[in-house]
Amino acid sequence: NKTFTMGSYITDFTFNSLSTSTAYGLSSSSISSGSILGISSASTAFTGSLANITLSGNNAANTGSLLSLNNTGTSNSNTTLEINHQATGTGNLAVRVNDEAGDTSPLVIDGDGKVGVGTATPSEKVHITNGTLLVDSPINPTLKGSLGSIQAEDIYISGSYAYIGGGNAYFS
């Protein structure tokens, strides 16, 4: 058992000649609760990242994953990834995926559980901006709730389904 008390010091581990092994491993065969690795901060003005994984090499041969979660026990009944997002406030997001530098049309899940595709500010449970929704092989699509009064602008027939458009929305 080793304990490092660092105070205000920074410790860097550099593995420049490592090519196929694990540089830094943490394992336990006896842990039954708790965690092997904990990263936390009680800061009240935090603006960075508690953990940062970066692949900065620019090469087509970089084909591996930056993060791999493997839940391989065949009898496991646990959760592989759980995100507990209890932050409140304007503009807080539980998940944001930027697929390009300076992305203005990300995939997000906000603090209310609304999913945005192409928008960082979803206004409905699923909000798609500047795109389409494809439902491949739908089975008996039904509308739940009320449409109110809409003016049908288009009717589209596909197989045994009729899609009625009101403005930019389609109902079936």
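These figures come from a predicted structure and were not determined experimentally. (Residues numbered from 1 in each chain as written. Predicted model: local features only at pLDDT ≥ 70, side-chain atom pairs only at ≥ 80, totals over all residues. Heavy atoms only, no water.)

1. What to know about the packing of aromatic side chains
- Per the stated rule, a full pass over the model turns up one aromatic pair.
- A centroid spacing of 5.4 Å and a plane angle of 40° characterise the contact between Phe13 and Tyr24, whose relative ring orientation is tilted. Here Tyr24 lies in the segment before β1 (93-97) and Phe13 lies in the segment before β1, a separation of eleven residues in the sequence.
- When its relative accessible area of 53% is taken as the criterion, Phe13 is described as exposed.
- Tyr24 sits in the exposed class, given a relative accessible area of 52%. (Phe/Tyr/Trp six-rings, centres within 6.5 Å; stacked < 30°, edge-to-face > 60°. Helix = DSSP H or I, 4+ residues; strand = E, 2+ residues; numbered from the N terminus. Buried < 20%, exposed > 50% of the residue type's maximum accessible area, 1.4 Å probe, protein only.)

2. Re the sheet that holds strand β3 (residues 115-117)
- Read across the open sheet, the four strands follow the order β1-β2-β3-β4; overall the sheet is mixed. Two strands in the sheet have a free side with no partner beyond their single neighbour: β1 and β4 (126-128). Strand after strand, the sheet turns through a mean of 10° between neighbouring axes, direction not considered.
- In this structure, β3 lies alongside β4, joined through three bridges in parallel fashion. Within β4, the residue paired with Val115 across the bridge is Val126. (Pairing = 2+ DSSP bridges. Axes fitted to C-alpha atoms, helices over the stretch in contact; angles between N-to-C directions.)

3. Thoughts on the side chain of Asp103
- By secondary structure assignment, the location of Asp103 is in the loop between β1 and β2 (107-110).
- One buried charge, Asp103, has no salt-bridge partner; the nearest side chain with opposite charge is Arg96, at 5.7 Å.
- Separated by 3.0 Å, the side chain of Asp103 and the backbone nitrogen of Asp99 make a polar contact.
- Look past the residues within four positions of Asp103 in its chain and what remains in contact with it is Arg96, Val97 and Asn98. (Lys, Arg positive; Asp, Glu negative; His and termini not counted. Salt bridge = Lys/Arg side-chain N within 4 Å of Asp/Glu carboxyl O. Polar contact = N/O pair within 3.5 Å; in protein donor to acceptor, adjacent residues only side chain to side chain. Contact = heavy atoms within 4.5 Å.)

4. As for a nonpolar patch on the surface
- Taken together, the side chains of Phe13, Phe15, Leu18, Tyr24, Leu26, Ile31, Ile36, Leu37, Ile39, Phe46 and Leu50 make up a nonpolar region of the molecular surface, amounting to roughly 1100 Å² of accessible area.
- As for its placement among the helices and strands, Leu26 is situated in the segment before β1. (Patch = residues over 30% accessible without salt bridge, like charges linked within 9 Å, V, L, I, M, F, W, Y side chains within 5 Å. Areas by Shrake-Rupley, 256 points an atom, 1.4 Å probe, with all protein chains shown as cover.)

5. Focus: the confidence of the model for the chain
- Taken residue by residue, the chain gives an average pLDDT of 79. The fraction at 70 or more is 78%.
- At the level of individual helices and strands, the chain shows its lowest average pLDDT in strand β7 (residues 169-171), which scores 49, and its highest in β3, which scores 92. (pLDDT = per-residue confidence, 0-100.)

6. Notes on the pairing of β2
- Side chains Val108 and Asp110 project from β2 onto a buried face, and the interleaved Leu107 and Ile109 project onto a face without burial.
- Relative to β2, β1 runs antiparallel, the two sharing four bridges. Residue Arg96 lies in a different strand from β2, and its bridge partner there is Val108.
- Judged from the three bridges that link them, β2 and β3 form a sheet pairing that is antiparallel. By the bridge assignment for β3, Leu107 is matched with Val117.
- Here β2 folds back onto β3, and the loop between the two strands holds four residues, one of which, Gly113, carries a positive phi near 85°.

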